[in-house]
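The chain contents come next:
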Amino acid sequence: MAECGMKALSVLEAARSRYESLQISDDVFGESGDDSSDNPFYSTSGDSNSDNCGLETGDDQRAGETGNCQNGGPPGSVSKTQAEEDGWSDTLQDITLAPYNETYGPTQRMPATATCMDFFQLFVPDNAIQNMLTQTNMYAKKYQERFGSDEGWQNVTVAEMKAFLGFVTSTSVHRCESVLSIWSSGFFSNRSIALKMSQARFEKILKYFHIVAFRSSHGSHGLYKIQPFLDSLQQSFGCSTFRPSQTQVLHEPLIDEDPVFITTCTERELRKRRKRKFSLWVRQCTSTGFICQIYVHLKEGQGPDGLATLKNKPQLHSMVAKQLCQNLSGRNSIIFTGPSITSLNLYQEFEKQDIYCCGLLSTKKSDCTGLPQSMLVNPESPQQRGQSRTMMRGNTSLISWYNKGHFRFLTNAYSPTKEGMIIKRKSGEIPCPLAVEAFAAHLSYICKYDDKYSKYFIFHKPNKTWQQVFWLTISIAINNAYILYKMSDAYHVKCYSRAQFGERLVRELLDLDDCSPTQ
C-alpha cells in the first residue's frame, strides 16, 4: 500500500512539474475555494459554466451527436480511402517545436509604492479619461441645442469623471445591480462614498456620458461610439504592459449576470437579460489569466471588419481566431481552442505562421472538413477508460480518447507518441496522450479563473450595447490591473485581495482621503 501511495504521489508531482507556471497565479484573486490546496490542474467535473472545460461528457453522450456519426460522419469528413490519399496514417512520429525563449510577465517594473490607480491607469490613462469628459461635454451641448437647454447641467470636470467611473465600478465590489442604490436607504446604500457627488449630478453625467459624441464619416459601424477606446485598450493589453506565456487560450469568458440573481429571477426575466447583442472573445494567458486581446462581435448590424455578415458559425469563429492571433506570428505560441474554433484548415494556416494549436473537437460544433470519418465514428466494441487511438497527417494528430465517453482532440503542438496522465480524486490515474493532459491542465485553470472573475463583473446594466461593452472591458482592465499588481513589488507591501483591490480603486477614483480598504 505504501509503495502504491508513493507511486501515485510521484506521478502527481511529475504532472505538476510540467505545469509549474500555472501555480504562480493559481490563487490570483487571493480568495481560494475549499479545493485550492488540492491538484488545481485535473478538475474534469462538469461544475464549471465554461463551454471549454470539463472532460466528463464525450461526443457519444451529447444529444444529437451520435446520429451524425452513425450516418457516415459529420459534414466535410472524408472516407478511409480519401483520408489515406490525403496523408492520414496510423504511423506516428515525434514532433518537436522550436524553443520558446521569451519570459512572461509585466514589461515594466512598478515601484513598491504604486497605488491601485497606478495599475488601472496602465490601461485607462488620464488622456482616455480626458477624452471621455470632452466627448461627454460635447454631446451634452449638442443635445441641448437640439432638444432645449438643461438648466441643471454644468460641464464635467476630470475629478467628476473619475468619480463617475468610481461609482459605477463600485457595483462590482458591492455587487449591487443599480448604481443608484448608493444613494438609497436600502441594503446597498453606501454613505461613505455617496457624499462625494449628489445623485442628481451623477444621473446628469450618466445621461450624457459618451466616448465618441458624433458619428464619423469614416466609421458608421455599430461600435463606432466606443471603437477608439477599444483600440487604446487593445494596445495596452498587448506587449506594452504584459508578455504572455507560450500557452494561451481562445474562448468566450464567463460574462453572465450575478449568479444570485440568476437563481432568483423568473424564467422570463432570465431570457430577457441574456439577450445580449454582442459576444466577446478573448486570447488569454493560461499561466496568469491575463487577457491579452479582446474581440467584440456584434450579433446584428455591421462590424468594423465585416465579420457580422458571416452567418456560418465555423467560418465566423475561424475569422475571430485569426483576429485574436494576428500578433503572434513567429513566436512559437501554443493556442488552446474549444470545439467551435478547432479545425484542420485553421490549424494548418496557423502552423505556417509558427502558431501551434491544441483543441477539443466536436462532431456537432466543429468544422470537420478533411478529417477521417473512421476517427469521428464511435466504435461498436466497448472501450476501456483511458484507451486512445491516434492518426497523423504531417505534424497534425487527431486523437480519439475514451473517458466515460469519446473525446476527440486535434493538435500540432504535442507529440502523439508522448503519454500523459489525468489524475482525479475519486478515479485515480487515467492514462491519456500528452495533448489531452495539457488541454485539461490549462483549460481547468482558465475555468477556475473565469469562475472567480465573474464575481467582480461590473453589475451596472445599461440598455445601449456600446455602454455594455464599455463597462465589460473596464471590468477586464481592472482584473488585468490586479494581475499586474499581484506580480509586482507593491503586492508584498499591502497584499490586497481582489475584493480589497477593487474597493481601494473605487476610493482612489473618488479621491477620498482615507483610501484604505474596508476590512
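Rules and cut-offs
- Residues numbered from 1 in each chain as written.
- Predicted model: local features only at pLDDT ≥ 70, side-chain atom pairs only at ≥ 80, totals over all residues.
- Heavy atoms only, no water.
- Helix = DSSP H or I, 4+ residues; strand = E, 2+ residues; numbered from the N terminus.
- Buried < 20%, exposed > 50% of the residue type's maximum accessible area, 1.4 Å probe, protein only.
- Contact = heavy atoms within 4.5 Å.
- Core = buried A, V, L, I, M, F, W, Y, C linked by side-chain atoms within 4.5 Å.
- Pairing = 2+ DSSP bridges.
- pLDDT = per-residue confidence, 0-100.
- Salt bridge = Lys/Arg side-chain N within 4 Å of Asp/Glu carboxyl O.
- Disulfide = S-S within 2.5 Å.
- Axes fitted to C-alpha atoms, helices over the stretch in contact; angles between N-to-C directions.
- Lys, Arg positive; Asp, Glu negative; His and termini not counted.
- Polar contact = N/O pair within 3.5 Å; in protein donor to acceptor, adjacent residues only side chain to side chain.

As recorded by an unreviewed UniProt entry, the protein carries the name PiggyBac transposable element-derived protein domain-containing protein and is attributed to Coregonus suidteri.

Asker: Whenever I open this one, the overall build of the protein confuses me. Can you help?
Answerer: Looking only at helices and strands, the protein features 18 helices and 12 strands. Looking at the protein residue by residue over its 519 residues, the buried ones come to 54%. Residue pairs at least 24 apart in sequence account for 70% of intrachain contacts in the protein once pairs closer than 6 positions are excluded.

Asker: Whenever I open this one, the nonpolar core confuses me. Can you help?
Answerer: Across soluble globular proteins, you tend to see nonpolar side chains buried next to one another. The biggest cluster of nonpolar side chains holds 80 residues, and the ones touching the most others in it are Phe119, Phe123, Phe167 and Phe470. Of all the elements, helix α16 (residues 465–486) adds the most residues to this core, at 14 residues. Those residues in contact with Phe123 that sit more than four places away from it in its chain are Leu233, Ser236, Phe237, Thr241, Phe290, Ala477, Asn480, Ala481 and Leu484. Counting 28 residues, the second largest nonpolar core, distinct from the first, contains Leu250, Leu316, Val320 and Ile335.

Asker: Is there a simple way to think about the pairing of strand β8 (residues 388–393) in this case?
Answerer: One face of the sheet, then the other: side chains in a regular strand alternate in exactly this way. Bridge count between β8 and strand β9 (residues 396–402): 6 bridges; the pairing is antiparallel. Across the sheet, the residue bridging to Ser388 is Trp401, located in β9. Hairpin connection from β8 to β9: 2 residues lie between these consecutive antiparallel strands, with Gly394 at a positive phi of about 65°.

Asker: Is there a simple way to explain the confidence of the model for the protein in this structure?
Answerer: Residues shown with low pLDDT carry predicted positions that ought not to be read at fine detail. Looking at the protein, the pLDDT average stands at 82 and 77% of residues meet or exceed 70. The element-level mean pLDDT for the protein is lowest in helix α2 (residues 65–70), coming to 43, with helix α4 (residues 116–120) highest at 97. Low confidence marks residues 60–70, where pLDDT is under 50. Its contacts with residues over four positions away, or in another chain, come to 22 contacts. Low confidence marks residues 258–264, where pLDDT is under 50. Its contacts with residues over four positions away, or in another chain, come to 8 contacts.

Asker: What is the right way to read the pattern of salt bridges from this model?
Answerer: Close approach of charged atoms lets side chains of opposite charge pair. If you walk through the whole model with that rule in mind, you get 7 salt bridges. For Asp150, the salt bridge is made with Lys204, and the minimal N-O distance between the two is 2.8 Å. Linking Asp150 in the loop between α5 (126–147) and α6 (158–174) with Lys204 in helix α8 (residues 199–208), this pair joins segments that are 54 residues apart in sequence.

Asker: Could you clarify how one ought to interpret the state of the cysteines in this entry?
Answerer: Linking two cysteines covalently via their sulfur atoms produces the bond known as a disulfide. Throughout the structure, instances matching the rule amount to 0 disulfides. With no disulfide of its own, Cys285 lies 5.7 Å from the sulfur of Cys292, the closest cysteine sulfur. Cys285 sits in the buried class, given a relative accessible area of 0%. With no disulfide of its own, Cys325 lies closest to Cys357 among cysteine sulfurs, the gap being 7.0 Å.

Asker: Just checking my understanding: could you explain the sheet that holds strand β7 (residues 355–361) for this structure?
Answerer: In sheet architecture, strand pairing relies on hydrogen bonds along the backbone and comes in two forms, parallel and antiparallel. Spatially, the 8 strands line up as an open sheet ordered β5-β4-β3-β6-β7-β10-β9-β8, and their pairing is mixed. The open sheet has two free edges, formed respectively by β5 (291–298) and β8, since each of these has just one partner strand. For this sheet, the mean angle separating the axes of adjacent strands, direction not counted, is 15°. Of the strand pairs in this sheet, β9 and strand β10 (residues 406–411) are connected by 6 bridges, and their pairing is antiparallel. Bridge pairing in β10 links Ile399 to Phe409. Sheet contacts for helix α12 (residues 313–324): β3 (247–251), β4 (278–285) and β5; angle to β5, the most-contacted strand, approximately 145°.

Asker: Please explain unusual backbone geometry as it appears in this structure.
Answerer: Negative phi values dominate among residues other than glycine, just as trans dominates among peptide bonds. The residue Asn332 is not glycine, and still its phi comes out positive at about 60°. With respect to the helices and strands, the residue Asn332 is situated in the loop between α12 and β6 (333–337). Non-glycine residue Asp354 carries a positive phi angle of around 60°. Its place among the elements puts Asp354 in the loop between α13 (344–351) and β7. Judged by its relative accessible area of 32%, Asp354 is partly exposed.

Asker: Even after reading the chapter, I still don't get the side chain of Lys225, so can you show me in this structure?
Answerer: Within the secondary structure layout, Lys225 lies in the loop between α8 and α9 (227–237). Lacking a salt bridge, the buried Lys225 has Glu145 as its closest oppositely charged neighbour, with an N-O distance of 15 Å. A polar atom in the side chain of Lys225 sits 3.2 Å from the side chain of His210. Once you skip the residues sitting within four places of it in the chain, Lys225 turns out to touch His210, Ile211, Val212 and Trp466.

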